[in-house]
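# Analysis of the macromolecular model
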Amino acid sequence: MAAPLLPGVRQRLERAQLNFKRLFDEFAEHNGSALVPDLNEGVFRARIADPLPDWQLLVSDTVCDMRFLLDNLAYELAIANTGMDPPSSASTIEFPIFARRRNFMKSGLAKIADLDPWVQRLIESIQPYNNAGGGAASKDDGLFVLNEMCNTYKHRLLVPIPHVSLKTINVRIHAVGCTVTDLVQVQPNLRELQDGEIVATFNVKIHSDEATISTETQPFPFLGFPTGVPGETLNVLDLCLQGLHIVRAIIAALTEIQWGSPMELPETSPHFVTPLAITIAKLYGP
């Protein structure tokens, strides 16, 4: 029997994918960041383009839609398993995401008590604590960060900020009318980058009044979450892309268990266009 379309799940997933695509496209077009050389001072300064105002809502909507559709999916699976609409446990149904096993066993299982036992087993197997070697989930775990970021967005909007990895600038310099030596990076680390900030210094010997230098490669800034939140310093685009693939895999796997075939998922090019060939096991490892 083919899985139903589940409009609530499908609409949220499609909107999350479209919002991600818009953010991805706008960032690629808007990102005017560069290294600007100053021959007089012997420095490279960062030129950073500010995020567009709408990006904070695009990120918030993408993150929250990913999280909410999992709860919607759990509700639909409870209806299918019990034959009741609404299910008797309607007020407590939720897709559990727990960083520690003892907390999942204490309260997470109760949230999915009306789901098929095999559905429950798969949900338990993908909990973040299963990737933590017996400890708490890593802050880099996709589901854990998704859950924590959704909780953050319930209370406040976050303005995404430009970050850059300065571990290696890897700049190739073309000097005309001058000689550039001794390129030195300043404070190499992963952090927020300010417009006009000095990121490297160099020595220069000028041979001509028309001396210029240019760079072939530039530091690649990315859109990050601000410090002090669960996703701090993480790449917003990477998190949302990974999260959407994880959510799509979860939907496909759980609906296949419940109905015998996976739900047909909405396509959004270029990232979500092929039939889902990825499984939960592939996402989370052995």
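Everything below is about the structure printed above this text.
Below: a short report on this structure. All values reported here derive from a predicted model rather than from experimental measurement.

Criteria and cut-off values
Residues numbered from 1 in each chain as written. Predicted model: local features only at pLDDT ≥ 70, side-chain atom pairs only at ≥ 80, totals over all residues. Heavy atoms only, no water. Helix = DSSP H or I, 4+ residues; strand = E, 2+ residues; numbered from the N terminus. Buried < 20%, exposed > 50% of the residue type's maximum accessible area, 1.4 Å probe, protein only. Lys, Arg positive; Asp, Glu negative; His and termini not counted. Salt bridge = Lys/Arg side-chain N within 4 Å of Asp/Glu carboxyl O. Contact = heavy atoms within 4.5 Å. Phe/Tyr/Trp six-rings, centres within 6.5 Å; stacked < 30°, edge-to-face > 60°.

### Here's the deal with the side chain of Asp-114
By secondary structure assignment, the location of Asp-114 is in the loop between helix H3 (101–111) and helix H4 (117–125). Buried charge without a salt bridge: Asp-114, with Lys-111 as the nearest opposite-charge side chain at an N-O distance of 13 Å. Not counting residues within four places of it along the chain, the set of residues in contact with Asp-114 comprises Ala-78, Asn-81, Thr-82, Pro-87, Ser-88 and Ser-89.

### Considering unusual backbone geometry
Between Asp-85 and the following residue, Pro-86, the backbone shows a cis peptide bond with an omega angle of 10°. With respect to the helices and strands, Pro-86 occurs in the loop between helix H2 (55–82) and H3. Backbone torsion omega between Ser-269 and Pro-270 reads 5°, so that peptide bond is classified as cis. Examined against the element boundaries, Pro-270 turns out to sit in the loop between helix H6 (236–259) and helix H7 (280–284).

### Remarks on the packing of aromatic side chains
Going through the model one piece at a time under the given rule, you end up with six aromatic pairs. With centroids separated by 6.0 Å and ring planes inclined at 40°, the aromatic side chains of Phe-20 and Phe-24 adopt a geometry described as tilted. Of this pair, Phe-20 and Phe-24 both sit in helix H1 (residues 7–30), four residues apart, roughly one helical turn. What makes Phe-20 buried here is its relative accessible area of 1%. Among the residues examined, Phe-24 registers a relative accessible area of 33% and is labelled partly exposed. Relative to Phe-272, the ring of Phe-20 lies with its centre 6.2 Å away and its plane at 70°, an arrangement referred to as edge-to-face. Here Phe-20 is found in helix H1, whereas its partner Phe-272 is found in the loop between H6 and H7, with 252 residues between them in sequence. With a relative accessible area of 2%, Phe-272 lands in the buried category. The structure contains a cluster of three or more aromatic residues connected by ring pairs, namely Phe-20, Phe-24 and Phe-272.

None of the figures reported here should be taken as evidence of function without further support.
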